[in-house]
Amino acid sequence: MIAEELESAWIYEQLARAARHEAAASLLEELAESEVAHARHWAALLGDESLLARRPGPSLRARMLVLLARVGGLGIVLPRLRTEELANIRLYQGDPEAAALVDEERAHRAALRTLLDPDQLTQAEHGFASSNAASVFRAALFGLNDGLVSNLSLVAGVAGASLEGDAVLIAGTAGLLAGAFSMGAGEYISVRSQRELLEHLLAKERMELELDPAEERQELLHIYRGKGISEETATRLVDELMADPEQALDALAREELGLDPDDLASPWSAAAGSFLAFALGAIVPLLPFLIGGGYSALIAAVAAGAFALALVGGVSSVLTGRSALFAGARMVVIGLTATGVTFGIGSALPLD
């Protein structure tokens, strides 16, 4: 518990330094001090204050959280930290010597929630909290992984058939360009089509609200009653919403369509993120062949690709909640398996 509290303190300290808003930095510093106080609580119970000085180095998970916050803003890591605070509450509730800490952990979750509130901080502070930014980040993460695996496999396959540096370099460069443009175009079409569909649905709801408000009122009443809200309360709520057509449209979009009309994903942002990420991932296995060729360049390319895959897997673990070690190892195994297969196929081709 001491180690976990001290690591949480380290995370909050680093996030305070990365925060772009003075109020956020101050709040995160207070959370760090509180986590240190929790560690002191456990050290006092053990009768050994020196345990606080034996602060372990931050784990890979902690480093990934801080890295993501610095790159994308606090919003991408705050939900994960709130979940971890919830886990601490559950853990401490079962320990009679931690009863005093439960309410403080709840206060930590509430404090983190204020950093996600658009009324509290600027939009820049939540980073990837919006669906638009999340779509860009997800496309970039997948693009980076695809670029690594596909071009590493391509390079290995060509190297298996011919270890001439120029042949591998030309094929790898072609794979980088083709893959990056393909990923960017595909992401643009996908997000553009999704956005057009959502815009069409919003326009349809707006027209229904304008031409047949009574039916839309009944739909909202049905939705809120289905949520367990009493008839009287639901009626009062719907009447207030229907008094303002824009508020009514917003409620219908969220409740009936399940979307935020103010936060539609940008196809250009998603396409650009996917293009650049694929190119960044695809260039990694090419770098050794810019210096030379042969098996030494191939081994260096595989090593660089494996390291990059482990890093991407570790970053993805912050979003999925899985162990960074597990996610990184899984990515490496899959990537190197694909690389080995294509190298074997290339080596088996009957080329002169």
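Use the structure listed above.
Report on the accompanying structure.

In terms of helices and strands, the protein chain carries 15 helices and zero strands. Residue burial in the protein chain is summarised as follows: out of 352 residues, 42% are buried. Element-wise, carbon and sulfur atoms account for 60% of the exposed surface of the protein chain, whose accessible area totals about 18000 Å².

Now for the packing of helix 1 (residues 2-18) against helix 2 (residues 22-46). Look at helix 1 against helix 2: their axes get within 8 Å of each other, and the N-to-C directions meet at 165°. Our classification of the angle between helix 1 and helix 2 gives roughly antiparallel. In the crossing of helix 1 with helix 2, the sense of the turn from one axis to the other is left-handed. Here Ile 2, Glu 5, Leu 6, Ser 8, Ala 9, Tyr 12, Glu 13, Leu 15 and Ala 16 of helix 1 lie close against helix 2, whose contacting residues are Ala 25, Leu 28, Glu 29, Leu 31, Ala 32, Glu 35, Val 36, His 38, Ala 39, Trp 42, Ala 43 and Leu 46. Its residues placed into classes, the contact of helix 1 with helix 2 shows 15 nonpolar, two polar and four charged.

Attention now moves to the packing of helix 9 (residues 213-226) against helix 10 (residues 231-242). Where helix 9 contacts helix 10, the two axes come as close as 9 Å, and the packing angle between them is 140°. Judged by the angle between their axes, helix 9 and helix 10 are oblique. With respect to the hand of their crossing, helix 9 and helix 10 are arranged in right-handed fashion. Taken together, the residues of helix 10 that come into contact with helix 9 (itself represented by Pro 213, Arg 217, Leu 220, Leu 221, Tyr 224 and Arg 225) are Glu 231, Ala 234, Thr 235, Leu 237, Val 238, Asp 239, Leu 241 and Met 242. Split into classes, the residues belonging to the contact of helix 9 with helix 10 amount to nine nonpolar, one polar and four charged.

On to the packing of aromatic side chains. Under the counting rule described, the total for this entry stands at three aromatic pairs. Taken together, a centroid distance of 5.0 Å and an interplanar angle of 65° make the contact between Phe 181 and Phe 275 edge-to-face. Within this pair, whereas Phe 181 is found in helix 8 (residues 165-211), its partner Phe 275 is found in helix 12 (residues 267-283), the two being separated by 94 residues in sequence.

For the rest of this paragraph, the subject is the environment of Leu 169. Structurally, the position occupied by Leu 169 is in helix 8. For Leu 169, a relative accessible area of 22% translates into the label partly exposed. Separated by 120 residues in the primary sequence, Leu 169 and Phe 289 have C-alpha atoms spaced 6.2 Å apart. Residues in contact with Leu 169, not counting those within four places in the same chain, are Leu 286, Phe 289 and Leu 290.

Turning our eyes to something else, we now look at the environment of Ile 299. Within the element layout of this structure, Ile 299 appears in helix 14 (residues 294-320). In this structure, the C-alpha to C-alpha distance between Ile 299 and Ala 156, residues 143 residues apart in sequence, is 9.6 Å.

Estimates place the volume of the largest pocket at around 450 Å³. Leu 141, Leu 144, Leu 280, Val 312 and Val 315 are the residues nearest the centre of the largest pocket, which is lined by 20 residues in total. Listed by contribution, the elements that provide at least two residues to the lining of the largest pocket are helix 3 (60-72), helix 7 (131-161), helix 12 and helix 14. Class assignment of the residues belonging to the lining of the largest pocket gives a composition of 17 nonpolar, three polar and no charged.

Now for the side chain of Glu 105. By the element assignment, Glu 105 lies in helix 5 (residues 99-115). Of the buried charged residues, Glu 105 lacks a salt bridge, with Arg 109 as the closest side chain of opposite charge at 8.4 Å. Within the structure, Glu 105 has its side chain in polar contact with the side chain of His 38 (distance 3.2 Å). With sequence-adjacent residues up to four places away left out, Glu 105 is seen in contact with Glu 5, Glu 35, His 38, Glu 85, Asn 88, Ile 89 and Tyr 92.

Moving on, we get to the nonpolar core. Ranked by size, the top nonpolar core spans 40 residues in total, and within it Leu 15, Leu 28, Leu 74, Val 77, Leu 81, Leu 112 and Leu 115 carry the most contacts. Breaking this core down by element, the ones donating at least two residues are helix 1, helix 2, helix 3, helix 4 (78-93), helix 5, helix 7, helix 14 and helix 15 (324-348). Not counting residues up to four positions away in its chain, the partners in contact with Leu 28 are Tyr 12, Leu 15, Ala 16, Ala 19, Leu 74, Leu 112 and Leu 115. Core analysis: the next-biggest nonpolar cluster, separate from the first, contains 14 residues, Val 168, Ala 180, Phe 278 and Leu 298 among them.

It is worth spelling out helix 15 at this point. Over its 25 residues, helix 15 extends 36 Å from the first C-alpha to the last, a length consistent with the 36 Å expected when each residue adds 1.5 Å. Every buried residue of helix 15 is listed here: Ala 324, Ala 327, Gly 328, Met 331, Val 332, Gly 335, Thr 339 and Gly 346.

Turning our eyes to something else, we now look at empty space enclosed by the protein. Overall, the coordinates contain one cavity of 30 Å³ or more when judged by the stated rule. Size it by volume and the largest cavity reaches roughly 30 Å³. The class makeup of the residues in the lining of the largest cavity is four nonpolar, one polar and two charged.

With that settled, consider the pattern of salt bridges. This structure, assessed with the given rule, holds 13 salt bridges. One salt bridge connects Arg 217 with Asp 239, and the closest N-O pair in it is separated by 2.9 Å. Taken together, the positions of Arg 217 in helix 9 and Asp 239 in helix 10 put the pair 22 residues apart, joining distant regions of the chain. For Arg 225, the salt bridge identified is with Glu 231, shortest N-O distance 3.3 Å. Given a relative accessible area of 32%, Arg 225 falls into the partly exposed group.

Reading the values: rules and limits
- By convention here, each chain's residues receive numbers from 1 onward along its written sequence.
- Totals for whole chains, interfaces and linings use every residue, but because this is a predicted model, local features are given only for residues with pLDDT of at least 70 and side-chain atom pairs only at 80 or more, for both listing and counting.
- Hydrogens and waters are ignored; side-chain quantities use all the structure's heavy atoms.
- Here a helix means four or more residues in a row that DSSP labels H or I, a strand means two or more in a row labelled E, and each is numbered from the N terminus.
- To sort residues, take the accessible area from a 1.4 Å probe on protein chains only and compare it with the maximum for the residue type: under 20% means buried, over 50% means exposed, and anything in between is partly exposed.
- Residue burial considers only the protein chains on display, and all accessible areas are found by Shrake-Rupley using a 1.4 Å probe.
- The convention used is that axes are lines fitted to C-alpha atoms, helices contributing only their stretch in contact, and that angles between N-to-C directions extend from 0 to 180 degrees.
- Our angle categories are set so that under 35 degrees counts as roughly parallel, over 145 as roughly antiparallel, 65 to 115 as roughly perpendicular, and the remainder as oblique.
- What makes a crossing left-handed is the near helix being turned counterclockwise from the far one by less than a right angle; a clockwise turn instead makes it right-handed.
- Two residues qualify as a contact provided that any one of their heavy atoms is within 4.5 Å of a heavy atom in the partner residue.
- Under this grouping Gly is polar, as are all residues other than the nonpolar Ala, Val, Leu, Ile, Met, Phe, Trp, Tyr, Cys and Pro and the charged Asp, Glu, Lys and Arg.
- Each Phe, Tyr or Trp ring (for Trp, its six-membered ring) is paired with any other whose centre lies within 6.5 Å, and the angle between the two planes then decides the class: stacked below 30 degrees, edge-to-face above 60, tilted in between.
- Detection works on a 1 Å grid of protein atoms alone, calling trapped sets that fit a 1.4 Å probe cavities and calling open sets with protein on both sides within 12 Å along at least five of seven lines pockets, with lining residues defined by an atom within 4 Å of a point.
- Grid points are joined across faces, edges and corners, and a volume is the space filled by probe spheres set on the points.
- In this tally Asp and Glu are treated as negative and Lys and Arg as positive; neither His nor the chain ends contributes.
- Take a side-chain nitrogen of Lys or Arg and a carboxyl oxygen of Asp or Glu: if they are within 4 Å of each other, that pair is a salt bridge.
- Pairing of N or O atoms within 3.5 Å defines a polar contact, subject to two protein rules: one partner must be a possible hydrogen donor and the other a possible acceptor, and residues neighboring in sequence count only if both atoms are side-chain atoms.
- By nonpolar core is meant a set of buried Ala, Val, Leu, Ile, Met, Phe, Trp, Tyr and Cys residues that side-chain atoms within 4.5 Å join together.
- In this analysis, the expected span of each helix is defined as 1.5 Å times one less than the number of residues it contains.

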